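The chain contents come next:
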Amino acid sequence: MIESLFVLSPTGKVIIEKHWHELIPRRVVDFFNDQVSKAMAEGEDVTREDVLPIIASPKYQLINVYRDGLTYLSPVTKEVDPMMVFEFLHRIPDIMQEYFGQVSETVIKENFVTVYQLLEEMMDDGFPLTTEPNSLKEIVPAPNILNKVITTMGATTSVSTRKMPHGMSNLPWRKAGVKYNSNEIFFDIVEEIDAIVDSTGKAVSCEAHGTIQTNSRLSGMPDLTLSFVNPRLVDDCSFHQSVRFNKWESDKVLSFVPPDGHFRLMSYRVNLPSQQNLPIQVKPSINVGANGAKFDITVSLRNTDGKPVENVVLTLPLHKSTTTLTAQCNVGHSEAAANAGYNIGVEFLINSHSLSGLKVDVLKLFNESYKPYKGVRTMTKAGRYQVRA
Amino acid sequence: MDIFSKPKFFTNNTKGENAELLVELNSEYRDRRKDAVKRVIANMTVGKDVSGLFPQVVKNMQTEDLEMKKLVYLYLMNYAKSNPDLVILAVNTFVKDTDHVNPLIRALAIRTMGCIRVDKILDHLCEPLRKCLQDDNPYVRKTAALCVAKLWDLDQERAIDNGFVTTLQDLVSDSTPMVVANAVIALAEMQESSVNKDVFVVNVAIMNKMLAALNECNEWGQIAILTSLAEYQPLDSKEAESVCERVVPRLQHANGSVVLSAIRVLMIFLRYLRNDEFTNGLIKKMSPPLVSLLASAPEVQYVSLRNINLILQKRPDILQNDVRVFFCKYNDPPYVKREKLEIIIRLCNDKNVDQILSELKEYASEVDVDFVRRAIRAIGRCAIIIEEASERCVNVLLDLINTKINYVVQEAIIVIKDIFRKYPQRYEAIIPTLCQNLDSLDEPEAKGSLIWIVGEYAERIENADELIENFLETFLEENSQVQLQLLTATVKLFLKKPSQSQEIVHRVLQTATQEIDNPDTRDRAYVYWRLLSTDPQAAKAVVLSEKPPISVDSSADKLSPGLLDELINNISTLASVYHKPASTFMGNKAFSADAVRKAAVADARDEEQIMGEDTVTSPTAPAASAPKNVMADLLDLDFGSSEPVSTPVMSPPTSNSKSGPNYSADLFDMSSDMSSGGSDAFGGMGGMSGMSGVGGLNIGFQQSQSQSQNQNTATSGSSNAFGDLAGFGGFGQQPSAATASQQTQQQKPTQSSTVNDLLDLF
């Protein structure tokens, strides 16, 4: 049971609190703040992110998530599934992001009433209730101006007025009577590459985490089947509630009645072999002397099927004791700001490319007679991608 | 609209904002009233007292505007406690709303009524609740189901008397999955606090109902159903198989909690499976989702890793080919890195050891000192687990020693000592390299390790006496751990090379017995002295006896089978994160010390042969000074300390000394002290052994028995003492115990003195 929630500002002040069960006194926040500052005082390099997500207090277990400067703290008095608490706590900023476009102390304060209503809807007596953004938006309207923006962007357009909440149609995720003038559905396949590359360019570990974000604007009750050219590539995957799991097991196709609007159809993971051709090669050469060090980092393109690599960012954290720093780039620009263990963080983005090679084959529509417009976009970008020097 | 702005301005100046809101709340325009309610709520959230507006706000409850209604409800829930009398004003509207044509409003009304935790409202809750539980609309029924749990929480009798519990049990058979899920949530919650534990017993019928609903309900409902499924005891292997088949698809869920809850069901049901083929298939299916969890947020990774650790102890065949995914990224939070490292070691086998070694070497060059030390210890564990790789490990360690980075050198020496213990006589060639670093050692454990090596191999080290002499210069200033090692090493040296070291040994024993107050060191010196003076042959047999090598099956980081099974039953709970039964850290503190002991005693039953009668009964004297049955607590030490060691931060709070977890923290402290306080009369490995735990106990005890048989001359009393000492040497010695115990020690210096007293009595 998730009894209470405190959202704390970066300085540890309570921005909002919500008690779904008994009231938990604010003292607990003071204890929590003490523990956090104690943990951070343990070492120079200890940051807020390094503080344990579960802290014991004499009376409570303080389960907390730190995101974008804000702490989402849930003290519990009874044994609980911590994974569930974390999943739930992460949903809160996710939903706020959906509603307000950004999450910060100011944004929460400006939207107190909406946030309160959301928290009330998301939980009943300590058990998560409605957390699907689509369903929430029907129950709690987003703030007005944004509502307009969203409308113009097309998220909640000419859908007929709904009286029934989601839980009440035959398919809990889809409302009845959706109608669009032009029917369309878009799939965004985004792959993030997590990799550890050693100094010789060989991948120590490498995997692609893909998601298929879908924006469905289809009338009625469309029944879709999406198939891939090479579904066996996928090592592990998880689906939106709407996907019929048995069909995937037997035929490796995604068969589903989509929810209306934006949703994540599928997440998948592909283990890439260590001899995988990575899209870019980063070759560091580091010479450390008594009075300084010289880092030469060569970045070269490899294997992108001729697609351009964009937004390449290299981060080389240096030790805190670094006093002066100059950086030069042949291409692009550099920013010098003064942490060791020479690891280079790499970011990049390649449009219309899937590193794992997963490709959509066909989308078939049943149960409705119209012909929808279908769009698929793919994109590969660096996730947690590091090169060791 | 303009007409209204004037009085508003006016009232604002005279009577404050509440007066202004009062006017607004009574406005004839709905929009203005709604805005006013919103402002009331906004004021409420920032802590301003708007309870004075209660009647006016409640008046606005009767509206068709759902948003408005909700706002008023929010207000009501907040102020009901402080204005219980006023709540009655709202009751009529509530009851009316539960009859509303719109199911949303019916549901909202019953939900809110349940949240107003005021006795007075309970009288009015039962009738509407009864209606809502039978409502045609599933949305209303599912909301009502949870409301029963709310009522139960406040007044169990009323819930039973009104038949709500029975109705709720019937809802498990509802046709709508969401209703089933909520009924399960409510019943499970009630079961926990029920006296007779008969509210929700999962039988075949209920299990089938839950399985039917599992696929269709939302993620949170799935978690609840999976959690309750885990309670079910299948009749036979066939039934267990069919349940597993239904649960497996849940592994493909995006919500980590659903995945882990499904894993728990599978891990429990695996026990009932008799079909090997099916079992293997199942195990294969469990790996990928566990790996996928590691791509989530660090908190989720942390819980996953702690659970994977348990799962691997039970089923080492899971994740065999996936060690790569546990490799650390430099910007992983330290708590994630530590857990990944533990798993890497668990997955270490002769096929991947090279890959792992090069990875560990990489970690040893990072900046985070604590992580570097753990990485070096991990290299040592690789060497001990995989014999064929030990030479490569030693080479890596030598490379590390050559970096001359102080803490790296010290940690490497500690690790090498363990490798020497596991593979005696094999790597003596590296001793000179180790001795070169003698001067840079300033940590007691590293110093002690090198001294032990010098003592153990005294006959092969030409200048062993010089080395010992060198250390002896600061004998009196040393930490007791080092003193004990020096003492033992000197005696070994004397027994091996009597001609060179007679003078040294005499001097050391004299100093130790006369000038040292630490009873550990002093008493050991007496024992040695008496042994040497009565019968040097016996002394040789005792001190230079062959030590059993460290067991491959490094029991220090393994939980006892009983505890492990209990924790497997609790995968994806806080217990699985702490690797301790929930009773030790949660809830009713008054009982928890008791619970700890109970758990320990239960565990001890598993280890009965290991402990033996002797150890259990002997320390009756300290029992008088300690609060309760110390022996049981001491037993507990072992199990209690085995997990916080790997995650020192999680050691129970130390703020007030009366509470339960703290009690175990005290015990811990004792354990750490005992381990550092040595007690290794037989060759001085106890105090700093890298591996031990229960295994250590075992070694110690058996050894003492064999010893007492060997030496006829020793009095029976002293041999008994050895038994105890050796036995306790086994307590709390873990590879990473040093860091954990040092922390606890520093926090509570007072306790260690009592510990010493206790030891004295032993």
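Residues numbered from 1 in each chain as written. Chains lettered and ligands numbered in written order. Predicted model: local features only at pLDDT ≥ 70, side-chain atom pairs only at ≥ 80, totals over all residues. Heavy atoms only, no water.

Chain B appears in an unreviewed UniProt entry as AP complex subunit beta from Linnemannia gamsii. The heading Function (unreviewed entry) in the UniProt record of chain B holds the text "Adaptins are components of the adaptor complexes which link clathrin to receptors in coated vesicles. Clathrin-associated protein complexes are believed to interact with the cytoplasmic tails of membrane proteins, leading to their selection and concentration." Under the UniProt heading Sequence similarities (unreviewed entry), the note attached to chain B is "Belongs to the adaptor complexes large subunit family." (UniProt positions renumbered as here; feature names shortened; annotations may be inferred.)

For chain A, an unreviewed UniProt entry supplies the name AP-3 complex subunit mu-2 and the organism Linnemannia gamsii. We quote the UniProt Sequence similarities (unreviewed entry) comment for chain A here in full: "Belongs to the adaptor complexes medium subunit family."

Draft legend 1. Expanded view of the overall build of chain B. Scanning chain B from N- to C-terminus turns up 40 helices and 0 strands. Sorting the 762 residues of chain B into buried and exposed places 62% on the buried side. In chain B, the share of contacts with a sequence separation of at least 24, taken over all contacts with a separation of at least 6, comes to 71%. (Helix = DSSP H or I, 4+ residues; strand = E, 2+ residues; numbered from the N terminus. Buried < 20%, exposed > 50% of the residue type's maximum accessible area, 1.4 Å probe, protein only. Contact = heavy atoms within 4.5 Å.)

Draft legend 2. Structural view of the overall build of chain A. Scanning chain A from terminus to terminus reveals 7 helices and 19 strands. By the burial criterion, 53% of the 389 residues in chain A qualify as buried. Surface exposure of chain A reaches about 17800 Å², of which carbon and sulfur atoms provide 49%. (Areas by Shrake-Rupley, 256 points an atom, 1.4 Å probe, with all protein chains shown as cover.)

Draft legend 3. Summary view of unusual backbone geometry. All names here are of chain B. Of note in this structure, Lys197 is not a glycine but carries a positive phi near 55°. Inspection of the secondary structure assignment puts Lys197 in the loop between helix H11 (177-193) and helix H12 (204-214). By relative accessible area, Lys197 is classed as partly exposed at 40%. Even without a glycine there, the phi angle at Gln425 is positive, about 70°. Examined against the element boundaries, Gln425 turns out to sit in the loop between helix H22 (406-422) and helix H23 (431-436).

Draft legend 4. Just the UniProt feature "domain: Clathrin/coatomer adaptor adaptin-like N-terminal" (unreviewed entry) in chain B, in detail. The sites that carry the UniProt feature "domain: Clathrin/coatomer adaptor adaptin-like N-terminal" (unreviewed entry) are, in the present numbering, residues 17-535 of chain B. Structurally, residues 17-535 of chain B is divided into 71% helix and 0% strand, and its ends, taken at the C-alpha atoms, are 95 Å apart.

Draft legend 5. A look at helix H2 (residues 82-100) of chain A. Residues and elements named next belong to chain A. Taking 1.5 Å per residue as the helical rise, H2 with its 19 residues ought to reach 27 Å, and the 27 Å between its terminal C-alpha atoms agrees with that figure. For H2, the buried fraction is high: 16 of the 19 residues fall into the buried class. The opening residue of H2, the one whose side-chain oxygen lies 3.0 Å from the backbone nitrogen of Met83, is Asp81. Among the residues trailing H2, Gly101 stands out with phi positive, at a value near 80°. (Expected span 1.5 Å × (residues − 1). Polar contact = N/O pair within 3.5 Å; in protein donor to acceptor, adjacent residues only side chain to side chain.)

Draft legend 6. The arrangement of the interface of chain A and chain B in detail. Contacts between chain A and chain B engage 83 residues on the former and 86 residues on the latter. Of the roughly 7300 Å² buried between chain A and chain B on both sides combined, carbon and sulfur atoms contribute 58%. Summed over the three residues of chain A that lose the most area to chain B, namely Glu79, Met83 and Arg384 of chain A, the buried surface amounts to 9% of that side. Taken together, the links from chain A to chain B amount to 9 salt bridges. With a shortest N-O distance of 2.8 Å, Glu219 of chain B and Arg91 of chain A are connected by a salt bridge. Between the two partners, chain A and chain B, sit 32 residue pairs in polar contact (both at pLDDT 80 or more). (Buried area = accessible area lost by both parts, 1.4 Å probe. Salt bridge = Lys/Arg side-chain N within 4 Å of Asp/Glu carboxyl O.)

Draft legend 7. Spatial organisation of the packing of aromatic side chains. Following the criterion strictly, the structure yields 15 aromatic pairs over all chains and no others. Each ring, one from Phe420 of chain B and one from Tyr457 of chain B, has its centre 5.3 Å from the other, and the planes form 90°; the classification is edge-to-face. Here the residue Phe420 of chain B occupies a position in helix H22, and Tyr457 of chain B occupies one in the loop between helix H24 (444-456) and helix H25 (464-472), the gap between them amounting to 37 residues. Note on accessibility: Phe420 of chain B and Tyr457 of chain B belong to one class, buried. An aromatic cluster of at least three residues, connected via ring pairs, comprises Trp20 and Phe88 of chain A together with Trp220 of chain B. A cation sits over an aromatic face here: Lys337 of chain B above Phe371 of chain B, 4.9 Å from the ring centre. (Phe/Tyr/Trp six-rings, centres within 6.5 Å; stacked < 30°, edge-to-face > 60°. Lys NZ or Arg CZ within 6 Å of the ring centre and 35° of its normal.)

Draft legend 8. Here's a closer look at the pattern of salt bridges. All names here are of chain B. The tally for this structure, following the rule as stated, stands at 57 salt bridges over all chains. One salt bridge in this structure joins Arg306 and Glu339, with 3.2 Å as the shortest N-O distance. With Arg306 in helix H17 (residues 298-314) and Glu339 in helix H18 (residues 334-346), this pair connects stretches of sequence that are 33 residues apart. For the pair formed by Arg306 and Glu339, the shared burial category is buried.

Draft legend 9. Molecular detail of the nonpolar core. Core analysis: the largest hydrophobic core is formed by 269 residues, its most contacted members being Tyr72 of chain A together with Tyr75, Phe94, Phe326 and Phe420 of chain B. In this structure Phe94 of chain B touches Met61, Tyr73, Leu76, Ala109, Thr112, Met113, Ile116 and Ile121 of chain B, once residues within four positions along its chain are discounted. Of all hydrophobic cores here, the second largest spans 43 residues; its members include Cys206, Tyr268, Leu358 and Tyr385 of chain A. (Core = buried A, V, L, I, M, F, W, Y, C linked by side-chain atoms within 4.5 Å.)

Draft legend 10. Spotlight on the pairing of strand S5 (residues 70-76) of chain A. All names here are of chain A. With 7 of its 7 residues buried, S5 lies for the most part within the structure. Taking every second residue as pointing to the same face, both faces of S5 are buried, with Leu70, Tyr72, Ser74 and Val76 on one and Thr71, Leu73 and Pro75 on the other. Strand direction decides the pairing type here: strand S1 (residues 4-8) and S5, joined by 3 bridges, are antiparallel. For Val7, the partnering residue across the bridge sits in S5 and is Tyr72. Relative to S5, strand S4 (residues 61-67) runs antiparallel, the two being bridged by 7 bridges. Residue Gln61 lies in a different strand from S5, and its bridge partner there is Val76. Taken together, S4 and the strand that follows it, S5, pair antiparallel across an intervening segment of 2 residues, in which Asp68 is found at a positive phi of about 50°. (Pairing = 2+ DSSP bridges.)

Draft legend 11. A look at the side chain of Glu67 of chain B. Following the sequence through the fold, Glu67 of chain B ends up in helix H4 (residues 66-79). Note on Glu67 of chain B: relative accessible area 16%, which makes it buried. Beyond its immediate stretch of four places on either side in the chain, Glu67 of chain B contacts Gln117 and Pro141 of chain A together with Lys34 and Lys38 of chain B.

Draft legend 12. Region of interest: the pairing of strand S2 (residues 14-19) of chain A. All names here are of chain A. The buried fraction of S2 is high, at 6 of 6 residues. As paired strands, S1 and S2 are joined by 5 bridges and run antiparallel to one another. Paired with Ser4 across the bridge in S2 is His19. Adjacent in sequence and paired antiparallel, S1 and S2 are bridged by 5 residues, among which Gly12 carries a positive phi angle near 90°.

Draft legend 13. Molecular detail of the packing of helix H15 (residues 256-270) of chain B against H17 of chain B. Residues and elements named next belong to chain B. Following both chains from N to C, one finds H15 and H17 inclined at 15°, their axes separated by 12 Å at the closest point. If you check the angle between H15 and H17, you find them roughly parallel. Between H15 and H17 lies a crossing of left-handed hand. Note on element contacts: H17 touches H15 through Val303, Asn307, Ile311 and Lys314, opposite Leu260, Ile263 and Met267. (Axes fitted to C-alpha atoms, helices over the stretch in contact; angles between N-to-C directions. Parallel < 35°, antiparallel > 145°, perpendicular 65-115°, else oblique. Left-handed = near helix turned anticlockwise from the far one by under 90°.)

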